[in-house]
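Structural overview
Letter by letter, the chains look like this.
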Amino acid sequence: VEIPIRQVLSPLETRGGPEMIVFLIVYCGERQQLTRAMADSYRDRLEYELSKHLELRENRKGRMVSRPFPYPLLQELIDKQTGDG
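None of the values given here were measured: they were computed from a predicted structure.

Conventions and cut-offs
- Residues numbered from 1 in each chain as written.
- Predicted model: local features only at pLDDT ≥ 70, side-chain atom pairs only at ≥ 80, totals over all residues.
- Heavy atoms only, no water.
- Helix = DSSP H or I, 4+ residues; strand = E, 2+ residues; numbered from the N terminus.
- Buried < 20%, exposed > 50% of the residue type's maximum accessible area, 1.4 Å probe, protein only.
- Contact = heavy atoms within 4.5 Å.
- Areas by Shrake-Rupley, 256 points an atom, 1.4 Å probe, with all protein chains shown as cover.
- Lys, Arg positive; Asp, Glu negative; His and termini not counted.
- Charge placed at Lys NZ, Arg CZ, Asp CG, Glu CD.
- Patch = residues over 30% accessible without salt bridge, like charges linked within 9 Å, V, L, I, M, F, W, Y side chains within 5 Å.
- Salt bridge = Lys/Arg side-chain N within 4 Å of Asp/Glu carboxyl O.
- pLDDT = per-residue confidence, 0-100.

**Quick word on the overall build of the protein chain**
From N to C terminus, the protein chain includes 2 helices and 2 strands. Order of helices (α) and strands (β) in the protein chain, N terminus to C terminus: β-β-α-α. Viewed in the frame of its principal axes, the protein chain has a C-alpha envelope of about 45 × 35 × 15 Å. Residue burial in the protein chain is summarised as follows: out of 85 residues, 13% are buried. Here the analysis covers contacts within the protein chain between residues at least 6 apart in sequence; of these, 36% occur between residues at least 24 apart. Summed over all atoms, the accessible surface of the protein chain reaches about 7,300 Å², with 53% contributed by carbon and sulfur. Here the protein chain contributes 13 positive and 13 negative side-chain charges, whose respective centroids are spaced 5 Å apart.

Encoded structure:
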């Protein structure tokens, strides 16, 4: 698991809502390819463990992970999403 992007959003940035932490979590396999179903299972377990310590937004829980992509393209995809590329 890799977390290439983390950002804390202030109440100003969330339009008066509570402070919010945003993560981009990348699930990757070292010895074998990681299927979408496997990554989704990891996401489900991660949400369960996090919910013991943090309040998770209901409309964000249970979402299937995005489609797989070749790991070497990670930085290019991040740059596209953040407007840096």
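**Some words on a nonpolar patch on the surface**
A cluster of nonpolar side chains, namely Val8, Ile21 and Phe23, defines an oily patch on the protein surface of about 300 Å² accessible area. Take Ile21: its relative accessible area is 52%, and that puts it in the exposed class.

**Details of the confidence of the model for the protein chain**
Averaged over every residue, the pLDDT of the protein chain is 80; residues scoring 70 or more account for 96%. Taking the mean pLDDT of every element in the protein chain, the minimum, 78, falls on strand β1 (residues 2–9) and the maximum, 87, on helix α1 (residues 36–51).

**Some words on unusual backbone geometry**
Excluding glycine, residues mostly have negative phi values, and the peptide bonds linking residues are mostly trans. Positive phi, close to 60°, is recorded for Arg15, a residue that is not glycine. In this fold, Arg15 is placed in the loop between β1 and β2 (20–26). Judged by relative accessible area, Arg15 falls into the exposed class, the value being 82%.

**Remarks on the pattern of salt bridges**
As enumerated under the stated definition, the model contains 5 salt bridges in all. For the salt bridge of Lys52 with Glu49, the shortest nitrogen-to-oxygen distance reads 3.2 Å. Judged by relative accessible area, Glu49 falls into the partly exposed class, the value being 39%. The closest approach of N and O atoms between Lys61 and Glu58, which form a salt bridge, is 3.0 Å. For Glu58, a relative accessible area of 60% gives the class exposed. Residues participating in the shared-partner salt-bridge network are Asp40, Arg43, Asp44 and Glu47.

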